[in-house]
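# Structural description and commentary
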Protein chains: 2
Amino acid sequence: MKIAILGIGNVGTGVYQIVQENSKEIFRYLGSNIDVSKILVRTMNKDRKIPIEDGILTNDFNDILKDEEVKIVVELMGGIDPALEYIKKAISHGKHIVTANKAIMATHGKELEALANENGVFIKYEASVGGGIPIINTLMESLAANKIEEIIGIINGTTNYILTQMTSENLSFEEALKLAQDNGYAEANPTSDIEGEDAAFKISILTSIAYGLNVPANIIYREGITKIQKSDIEYTSELGYKIKLLAVSKKHEDFIEIYVHPALVPNNHPLASINNEFNALFVKGNAVGELLLCGKGAGSLPTGSAVLADILSVAKSIKNDIENNVAVHDIENCIEVKGMGKSQYYVRLQVIDEPGVLGNIAMTFGKYGISLESVVQKGRGEETVPLVFIAHDIEKEMLDKALEEVGGYEYVERVASILKVENV
Amino acid sequence: MKIAILGIGNVGTGVYQIVQENSKEIFRYLGSNIDVSKILVRTMNKDRKIPIEDGILTNDFNDILKDEEVKIVVELMGGIDPALEYIKKAISHGKHIVTANKAIMATHGKELEALANENGVFIKYEASVGGGIPIINTLMESLAANKIEEIIGIINGTTNYILTQMTSENLSFEEALKLAQDNGYAEANPTSDIEGEDAAFKISILTSIAYGLNVPANIIYREGITKIQKSDIEYTSELGYKIKLLAVSKKHEDFIEIYVHPALVPNNHPLASINNEFNALFVKGNAVGELLLCGKGAGSLPTGSAVLADILSVAKSIKNDIENNVAVHDIENCIEVKGMGKSQYYVRLQVIDEPGVLGNIAMTFGKYGISLESVVQKGRGEETVPLVFIAHDIEKEMLDKALEEVGGYEYVERVASILKVENV
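Remember, it's a predicted structure, so these values are computed and weren't measured experimentally.

### Describing the overall build of chain A
The secondary structure content of chain A amounts to 14 helices and 19 strands. Rg of the C-alpha trace for chain A: 24 Å, near the compact-globule value of 22 Å for 424 residues, within the 12% margin. Every one of the 424 residues in chain A was classed for burial, and the buried ones make up 51%.

### What about the confidence of the model for chain A?
Of all residues in chain A, 96% attain a pLDDT of 70 or more, and the chain-wide mean is 93. Predicted as a complex, the structure gets a pTM of 0.93 and an ipTM equal to 0.92.

### Structural notes on the interface of chain B and chain A
Counting residues at the interface gives 46 residues for chain B and 47 residues for chain A. Elements that contribute at least two residues to the side of chain B that touches chain A include exactly α2 (23–30), α6 (135–142), β13 (289–296) and α12 (300–319) of chain B. Bridge count for strand β13 (residues 289–296) of chain A against β13 of chain B is five bridges, and the pairing is antiparallel. By the bridge assignment for β13 of chain B, G295 of chain A is matched with L291 of chain B.

### Notes on the relation of the copies chain B and chain A
Its rotation angle being 180°, the transformation that places chain B on chain A also includes 0.0 Å of axial translation and leaves an RMSD of 0.0 Å. Within this description, the copies of the chain are treated as partners about a two-fold rotation axis. Among all C-alpha atoms of chain B, that of L293 of chain B lies closest to the rotation axis, at 2.3 Å. Of the interface residues in chain B, 100% have counterparts in chain A that sit at the interface too, so the contact is made through matching surfaces.

### Observations regarding the sheet that holds strand β1 (residues 2–6) of chain B
All names here are of chain B. The six strands lie next to each other as β3-β2-β1-β4-β5-β6, forming an open sheet whose pairing is parallel. Of all the strands in the sheet, just β3 (57–58) and β6 (123–124) have a single pairing partner and so form its edges. Summarising the sheet, strand β4 (residues 70–75) and strand β5 (residues 96–99) pair through four bridges and their orientation is parallel. If you follow V73 over to β5, its bridge partner there is I97. Where helix α1 (residues 10–21) meets the sheet, it contacts β1, β2 (35–40) and β4, and its direction lies at approximately 155° from that of β1.

### Here we look at unusual backbone geometry
A negative phi angle is the norm for most residues apart from glycine, just as the trans form is the norm for most peptide bonds. Geometrically, the link from D81 of chain A to P82 of chain A is a cis peptide bond, its omega value of 10° lying close to zero. Its place among the elements puts P82 of chain A in the loop between β4 (70–75) and α4 (83–92). Non-glycine residue D321 of chain B carries a positive phi angle of around 65°. Secondary-structure assignment places D321 of chain B in the loop between α12 and β14 (332–333).

### Let's talk about α4 of chain A
Residue and element names in this part refer to chain A. For α4, the set of buried residues is L84, Y86, I87, A90 and I91. With its buried residues spanning 165° around the axis, α4 presents them on a single face. Looking at the buried positions of α4, the neighbouring elements they touch are β1 (2–6), α3 (61–66), β4, β5 (96–99) and α5 (102–118). Of the residues flanking the end of α4, it is G94, one or two places downstream, whose phi is positive at about 80°.

### Thoughts on helix α1 (residues 10–21) of chain A
Residue and element names in this part refer to chain A. With 12 residues, α1 should cover 16 Å at 1.5 Å per step; its first-to-last C-alpha distance of 17 Å lies within 8% of that length. Of all the residues in α1, the buried ones are V11, G12, T13, G14, V15, Y16, I18 and V19. Buried residues belonging to α1 abut β1, α2 (23–30), β2 (35–40), β4 and α12 (300–319).

### Some points on the sheet that holds strand β6 (residues 123–124) of chain A
Residues and elements named next belong to chain A. Strands sit in the order β3-β2-β1-β4-β5-β6 across an open sheet of six strands; the sheet is parallel. Single-partner strands in this sheet number two, and they are β3 (57–58) and β6. Two strands pair when backbone bridges link them, and β1 and β4 are joined in this way by five bridges, in the parallel orientation. Bridge pairing in β4 places L6 opposite E75. Sheet strands touched by α1: β1, β2 and β4. Its angle to β1, the strand with the most contacts, is close to 155°.

### Description of the domain arrangement of chain A
Residue and element names in this part refer to chain A. By the assigned domains, chain A splits into domain 1 (2–131 + 300–329), domain 2 (135–296) and domain 3 (343–421). For domain 1 and domain 2, the distance between their C-alpha centroids amounts to 27 Å. Every contact between the two is made by 16 residues of domain 1 and, on the other side, 18 residues of domain 2. Contributions of two or more residues to the side of domain 1 that touches domain 2 are made by α5 and α12. With seven residues, α5 is the single largest residue contributor to the side of domain 1 that touches domain 2.

### Overview of the environment of K251 of chain B
All names here are of chain B. You can see K251 is positioned in strand β10 (residues 241–251). Classification of K251 as buried rests on a count of 20 C-beta atoms within 10 Å. Spatially, the C-alpha atom of K251 lies 38 Å from that of H93, the residues being 158 residues apart in sequence. Ignoring sequence-local partners within four residues, the contact set of K251 consists of I148, E149, E150, Y211 and I256.

### Let's talk about the packing of helix α13 (residues 357–367) of chain B against helix α14 (residues 396–408) of chain B
Residues and elements named next belong to chain B. Between α13 and α14, whose axes approach to 9 Å, the crossing angle comes to 150°. The orientation of α13 with respect to α14, classified from their angle, is roughly antiparallel. Crossing handedness for the pair α13 and α14: right-handed. Of the residues in α14, those touching α13 at I361, T364 and F365 are A402, E405 and V406. A class-by-class count of the residues in the contact of α13 with α14 yields four nonpolar, one polar and one charged.

### Brief notes about the packing of α2 of chain B against α12 of chain B
Residues and elements named next belong to chain B. Relative orientation of the contacting elements α2 and α12 amounts to 35°, with a least axis distance of 10 Å. The interaxial crossing formed by α2 with α12 has right-handed handedness. Seen from α2, the contacting residues are I26, Y29 and L30; seen from α12, they are L312, A315 and K316. Of the residues assigned to the contact of α2 with α12, the class counts are five nonpolar, no polar and one charged.

### Some points on the nonpolar core
In terms of nonpolar packing, the biggest core is built from 278 residues, with I5, V74 and I311 of chain A together with I5, V74 and I311 of chain B touching the most fellow members. Residues in contact with I5 of chain A, not counting those within four places in the same chain, are G12, V15, Y16, V36, I39, V74 and L76 of chain A.

### Quick word on the pairing of strand β18 (residues 384–394) of chain A
Both faces of the sheet carry side chains from a regular strand, because those side chains alternate between them. All names here are of chain A. Judged from the nine bridges that link them, strand β16 (residues 343–352) and β18 form a sheet pairing that is antiparallel. Residue pairing in the sheet places L349 in a bridge with L387 of β18. Summarising the sheet, strand β17 (residues 372–377) and β18 pair through five bridges and their orientation is antiparallel. Paired with S374 across the strands is I390, a residue of β18.

### Topic: the environment of Q181 of chain A
Residue and element names in this part refer to chain A. Within the secondary structure, Q181 sits in helix α8 (residues 173–182). Since 16 C-beta atoms lie within 10 Å of it, Q181 is described here as partly exposed. Spatially, the C-alpha atoms of Q181 and N279 are 18 Å apart, while their sequence positions differ by 98 residues. With residues up to four places along the chain from it excluded, the contact list for Q181 reads A186 and A188.

Rules behind the numbers
- Residues numbered from 1 in each chain as written.
- Chains lettered and ligands numbered in written order.
- Predicted model: local features only at pLDDT ≥ 70, side-chain atom pairs only at ≥ 80, totals over all residues.
- Helix = DSSP H or I, 4+ residues; strand = E, 2+ residues; numbered from the N terminus.
- Rg over C-alpha atoms; globule rule 2.2 N^0.38 Å.
- Buried ≥ 20, exposed ≤ 12 C-beta atoms within 10 Å, placed from the backbone.
- pLDDT = per-residue confidence, 0-100.
- Contact = placed C-beta atoms within 7 Å.
- Pairing = 2+ DSSP bridges.
- Least-squares fit on C-alpha atoms with pLDDT ≥ 70 in both.
- Axes fitted to C-alpha atoms, helices over the stretch in contact; angles between N-to-C directions.
- Arc of directions from axis to C-beta.
- Expected span 1.5 Å × (residues − 1).
- Domains from an automatic or database assignment.
- Parallel < 35°, antiparallel > 145°, perpendicular 65-115°, else oblique.
- Left-handed = near helix turned anticlockwise from the far one by under 90°.
- Nonpolar A, V, L, I, M, F, W, Y, C, P; charged D, E, K, R; others polar.
- Core = buried A, V, L, I, M, F, W, Y, C linked by C-beta atoms within 7 Å.

Rendered as structure tokens:
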């Protein structure tokens, strides 16, 4: 079974390596071998992390397109351009697609799946979400007879690494980001990860699979982790929570609640113990109940494992002469999309330390129907001190109104932080 | 797509219910409906938990066998007899099999898979291990390109419920078992669960899938939870551990380590927080790294969800005209099988409280090369007192020798408990 890989970076290297090292397991599954017969690269002469067989590198995509023996094109370049064009061309030439590209699947997935169907080929993308965790196959196959009700995930390894290091090593965001970059867990330009865009892509993909609803990533409410301060980590930890960047998608009767945000997770919840580069997906279905999948969310071999699973599945279908001829059941365009609803919230104010401040603020909250579960005040003696609340269930809009009023008081320097408590 | 169900107990009811309630999701996956056209029962007139369509109950298996329209037979009777005979007959009549029967798959799986292959039909058994957790599909499909290195699981809901209740409610084993029976988590005859047989069946099934090795359940070393005392729960908890019934299967170069036993799991390990009827499977593959799957390990709907996944997968294959014609890659008969190897151990002795006892026992341990990580001695004033150790890594045989000597001392009443620490 001949395949071509586009791009031999981190994941591409992993795939190539697994094909060589686990050939016995691959043969056991497929009854034949996988032969990487072409690899598309930008630069032909360059040191690679692993030795690559002579003569299979090419810098001309047409070499791959025209090779009739190449049945599966494995796109691991990342980014939209030129990967999207290559995928489309490969499909039109009757080649099956395996990709790890969440940006493309989140923004052009519907179009590509339709195109693949027209051409009788498969397009598979397990590795686009959750690295080695088989979340897409689980949603598509194992939970096929469930009404999925919600998905809550830690699906960005970079931010989880940063938040874990901030917590365990008492680092600032900037220090932890630097550490993540030094250790290869964050890119030189980390914007997409730390601003929650990457997680928004992924939860958009999972939402379309789980509910058959198309929610484009760019309309998903998102908040990154750049504003999280050391003191937030400290106070939430004292109150019995961990801060995690969560991607949340909940299906309600006639709307869908979907957002990406740094949230407070109670210490005793399994998601609270998912650390560093690990990812976790918490899925609720009306038959299966609660299901939790955890594993490495990134990295050469874990992501390569997911890519190989797709390659093997497609290869088996090819051997069995199955075309992707199942009628596409149109993904509906999304019903109403809402951001964060009623919830507990963590609020950190920076206030001048004088008598009556706490009382006045609590009174204002009361006026807006907000009752407080916990209050922490510390650091007396300094000019301004942090005042930390956890508010009982309240609509975000109401909280915003109360905080607007509170923020206007002369003894309130600023509203420093608002974080949702995720009561999963 | 017509199917027949054998047995309409707990799981059968769940399957029937899901087929009715989630018909929209089933149609979305399959492009057609699942029609339960026959259900085999022992007694025709009996109150059922849910309303069942008229005319589909039968007490004659031949009705199902002879019905050419029934393509899939779903065996949910449990036990070997007559389920095994029915499965064989159904296969010989060209019907596909979906079963939740771990006893049959652990003892006759190889034979049935060969028979199914000869007859070009599928036999699927996701629901036989881990209830709603898609562990079998994950091992077979998603991790197909991995060398699996180990599987450690909490795969018996009854014992996990009992151990959880003993821990959280400070109950004795007998009290917790009674509670489990009252709440439907344990059967009237709980032997197979509490003696670890059920878990041994399941780890045997997973071992054959993961490594292609046939390890019959009856040669697997197993220890149940009947000897766990309240005091063991107490001491281990003080030392930072939870007691869990673990099924362990580790592949080494030329032998396989496989056993079922109540083990100490460190509190900060994810398996320590799997409580009550939840199950969890921890899998290590050479590409994917560590993967953890948790969910409800039993119950009508969760197990039904897994049965439906198999039904849908087979139904799709039927629609696509795929025969199960992949050559069976013979499962090797197992290489050497070993029980528990070198490890830390928890030991509880009951000793007479007099000076020098601890010193003498520690000296004897030292003679056998056993060094101690922690020692707890409590309850002064009573006639005999518990003396609890955690020993550093040591071969079980060496520990047994040391304990034989120690057990002979006049001030040692008895060796009350030996539990392995599972350093996962």
